[in-house]
Amino acid sequence: MKQVSTISGRAIPLGLKNVDTDVIIPAHWLKTVSREGLGKGAFETIRQAPGNPFDVEDFAGAPILIAGDNFGCGSSREHAAWAMLDMGLTAVIAPSFSDIFSGNAFKNGILAVELPQEQVDRLLEVAKDHPITIDLENQVVTTPFQDRFPFEVDPFRKHCLLNGLDEIGLTLERDAAIETHERVRADSLPWLDTPTRNRREHA
Amino acid sequence: MASKPRTLYEKIWDAHVVERQDDGTCLVYIDRHLVHEVTSPQAFEALRLAGRKVRRPDLTLAVPDHNLPTTPRTAPDGSRLPIADKQSAAQLAALEANAPAFGIDYIDAVAPEQGIVHVVGPEQGFSLPGTTIVCGDSHTAAHGGVGALAFGIGTSEVEHVLATQTLLLRPSKTMEVRVEGELGPGVTPKDLILHIIGVIGTAGGTGYVIEYRGEVFEKMSVEGRLTVCNMSIEGGARAGLIPPDQTVFDYLEGRPYAPQGEAWDKAVDWWRSLATDEGAEFDKSVVIDAAAVEPTVSWGTSPEDVVAIGGTVPSPAVFEDAAKREAVAKSLDYMGLAPGTPMEQVKVENIFIGSCTNSRIEDLRAAAEVLKGRRKAASVRWAIAVPGSGLVKRQAEEEGLDRIFTDAGFEWREPGCSACLAMNPDKVPPGERCASTSNRNFVGRQGPGARTHLLSPAMAAAAAVTGHLTDVRKLSPK
């Protein structure tokens, strides 16, 4: 994972609530075996409407998206995070996120910043003409004005993002603990370990 | 000293924690991993690039479902027919190559057991009570119907599980959805879960694992429980589960991947111990009056946009929240519906009976019961019935259900995800409506511009017969 600390730039003021992952990337884009190139399909239905915020010239290459409640609900497709990255988005600010999307965002180094609705409303206003800064180290969103909006972030995720840590690499270092768990499990609940063998015996 | 009373979720969670970090993040062991063609290729590729192997291929099962066409897969001479869409064919080929390369059991596209991964898991006895089950698909919540802690994951997590058989997670909060009383005649598990989502909202369960409690669930078949738990994610909850009981044990016993003999008896003993303790506390509790649940349909583009079939399309003005008012106005515009329209007057051109929510044998029986001796209305252009697996299809055919569907003007298809998500040839054209037994009515979900009305299999069959959304209770039995 690449290191993430401060994200600064224009923010696309989308503002919609319940933006589901089918809206972020429709299913017909999912027929790929790669993580690349999905930006072309990102927010496809929204972008078909004339005057949509994504196609406003000022927001070309903007690193931040501002949305409404329950962003990323629905399908678990990580293609949503890949599509956003591919179009240059590295942070989303919203009042709330779906559990699966916030995990997928984190794994791809996208900051999912939760702020109360009234602060999101203020940022939607500011974003029309001004840049926004997200400082992960100090956990605060600022504007060129006096706004300072502190946000919460899971300490483990913050640590991984600031240091660019590979979660799988970290977990593989815990191999001894996993082996111990597997031994205990094999003693106490041995039937958990036999699905494939059961099938072959059955067949 | 007696230990603190725990919920079913807490008992399963505790039994699977490998390690707990100081910051509260837990390394959690995964018992069962289901893999399909769409969300796995990038994970396998990353393993290959890093020179990593699959830690427990024996706890992993792969089956294709999402992008397979549901038209016949073999020619009359038994040879496999190619998939016309090149990208879908490549994705399928990737899974076909990755499964054996990493030593994973693979149910191929023409195997009799092939089907939608969330139908196949319980049907094969791969999904068991008290286990942790994951899959790169949000409807993995379905497996909570057998009393498992089951949830959808992204592709990076698929890779993490393949490499380590664990996930890094924080414990969820617990929510009890207690349903009191009994469902009325003609009211199905699908109506109940649509109603529940209408009550809690699509974000109501975010951060929670739901336990569905009450006599209704004790009396419910395993198929019905899978339907309810399947849509937990539509209420924002990553997982939902129902305490495992004799109904579940009877369903699972003897299935191919289930334990056998002495191991089975030991497993059942453990499963019985998992029920939520007397006095255990939930972080949130929602009470639903079963008698108030009617056959339910959706009117908008979010699964929380539901109403009883006797109701009308709501006006945006009735919603308190300004953002919701705006969303409702947009929804109604997309859906082409005017406020105040009685739901029963909404005409549908397409009928889809299938998906991981409603494609099991009980669902097909319920639809067939309505369709028997009837035909779809002339105004219904396209009606398909898509069994959830090859085994469901075979059983339905043994019961003669396929004939009932085809006599009624339905197409009888091969198993797969089909028209639920518009990534295979089964799509709803722009501007047309579909009465669909699937789980999501999102904008463009069944195809660009398609308009989805979620409902139960019996209600979908009733809509097919009349050509408009219809209270199935009004159709006299034939």
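Everything discussed here concerns the structure shown above.
All of the points below concern the structure found in this document. (Residues numbered from 1 in each chain as written. Chains lettered and ligands numbered in written order. Predicted model: local features only at pLDDT ≥ 70, side-chain atom pairs only at ≥ 80, totals over all residues. Heavy atoms only, no water.)

The next point concerns the interface of chain A and chain B. Each partner contributes residues to the interface: chain A has 57 residues there, and chain B has 86 residues. For the pair chain A and chain B, the summed buried area comes to about 5,800 Å², and 56% of that belongs to carbon and sulfur atoms. Remark: the boundary between chain A and chain B carries 13 salt bridges. For Arg-170 of chain B, the salt bridge goes to Asp-154 of chain A, with nearest N and O atoms at 3.0 Å. Where chain A meets chain B, there are 29 residue pairs in polar contact (both at pLDDT 80 or more). Of all the secondary-structure elements, those providing two or more residues to the side of chain A that touches chain B are α3 (79–86), α4 (99–107), α6 (155–163), α7 (167–172), α8 (175–188) and α9 (195–202) of chain A. For the side of chain A that touches chain B, the per-class residue count stands at 17 nonpolar, 19 polar and 21 charged. (Contact = heavy atoms within 4.5 Å. Buried area = accessible area lost by both parts, 1.4 Å probe. Salt bridge = Lys/Arg side-chain N within 4 Å of Asp/Glu carboxyl O. Polar contact = N/O pair within 3.5 Å; in protein donor to acceptor, adjacent residues only side chain to side chain. Helix = DSSP H or I, 4+ residues; strand = E, 2+ residues; numbered from the N terminus. Nonpolar A, V, L, I, M, F, W, Y, C, P; charged D, E, K, R; others polar.)

The next point concerns the sheet that holds strand β2 (residues 11–13) of chain A. Residues and elements named next belong to chain A. What the four strands build is an open sheet, ordered β2-β3-β4-β5; its pairing is parallel. Among the strands making up the open sheet, the edge pair consists of β2 and β5 (111–114). Across this sheet, the average inter-strand angle for adjacent strands is 20°, counted without regard to direction. Pairing geometry for β2 and strand β3 (residues 64–66), over three bridges, is parallel. If you follow Ala-11 over to β3, its bridge partner there is Ile-64. Across the sheet, helix α5 (residues 117–127) touches β2, β3 and β4 (91–94), and the angle it forms with β3 is around 125°. (Pairing = 2+ DSSP bridges. Axes fitted to C-alpha atoms, helices over the stretch in contact; angles between N-to-C directions.)

This part is about the packing of α4 of chain A against α6 of chain A. Packed helix pairs are characterised by how far apart their axes lie and by the angle those axes make with each other. All names here are of chain A. Close contact between α4 and α6 brings their axes to 10 Å; oriented N to C, the two are set at 25°. For the element pair α4 / α6, the angle class is roughly parallel. Contacts from Ser-102, Gly-103 and Phe-106 in α4 reach Arg-157, Cys-160 and Leu-161 in α6. For the contact of α4 with α6, a count of residues per class yields three nonpolar, two polar and one charged. (Parallel < 35°, antiparallel > 145°, perpendicular 65-115°, else oblique.)

Describing an aromatic ring pair means giving the distance of the ring centres and the angle of the ring planes. Going through the model one piece at a time under the given rule, you end up with 15 aromatic pairs over all chains. Plain terms: the ring middles of Phe-71 of chain A and Phe-97 of chain A are 6.1 Å apart, the flat faces sit at 75° to each other, and that makes the pair edge-to-face. Highlighted residues: Phe-71 of chain A in the loop between β3 and α3 and Phe-97 of chain A in the loop between β4 and α4, separated in sequence by 26 residues. Under the relative-accessibility criterion, Phe-97 of chain A is labelled buried at 3%. Each ring, one from Trp-191 of chain A and one from Trp-270 of chain B, has its centre 6.0 Å from the other, and the planes form 50°; the classification is tilted. One end of the pair, Trp-191 of chain A, is in the loop between α8 and α9; the other, Trp-270 of chain B, is in helix α10 (residues 261–272), on a second chain. Each member of the pair, Trp-191 of chain A together with Trp-270 of chain B, is buried. In this structure an aromatic cluster arises from ring pairing among Trp-191 of chain A together with Phe-249, Trp-264, Trp-270 and Trp-271 of chain B. It is Arg-32 of chain B that lies over the ring of Phe-126 of chain B; its NZ or CZ is 5.5 Å from the centre. When the ring centre of Phe-319 of chain B is taken as reference, the NZ or CZ atom of Lys-324 of chain B above it lies at 5.9 Å. (Phe/Tyr/Trp six-rings, centres within 6.5 Å; stacked < 30°, edge-to-face > 60°. Buried < 20%, exposed > 50% of the residue type's maximum accessible area, 1.4 Å probe, protein only. Lys NZ or Arg CZ within 6 Å of the ring centre and 35° of its normal.)

Let us now look at the pattern of salt bridges. In this structure the tally under the stated criterion is 47 salt bridges over all chains. Notably, a salt bridge pairs Asp-193 of chain A with Arg-185 of chain A, separated by 2.4 Å at the nearest N-O pair. Neither residue differs from the other here; Asp-193 of chain A and Arg-185 of chain A are each classed as buried. Asp-305 of chain B serves as the salt-bridge partner of Lys-324 of chain B, at 2.9 Å between the closest nitrogen and oxygen. Here the residue Lys-324 of chain B occupies a position in helix α11 (residues 322–335), and Asp-305 of chain B occupies one in the loop between β13 (296–298) and β14 (306–308), the gap between them amounting to 19 residues. Its relative accessible area of 10% is what places Lys-324 of chain B among the buried residues.

Coordinates in, geometry out; function isn't part of it.
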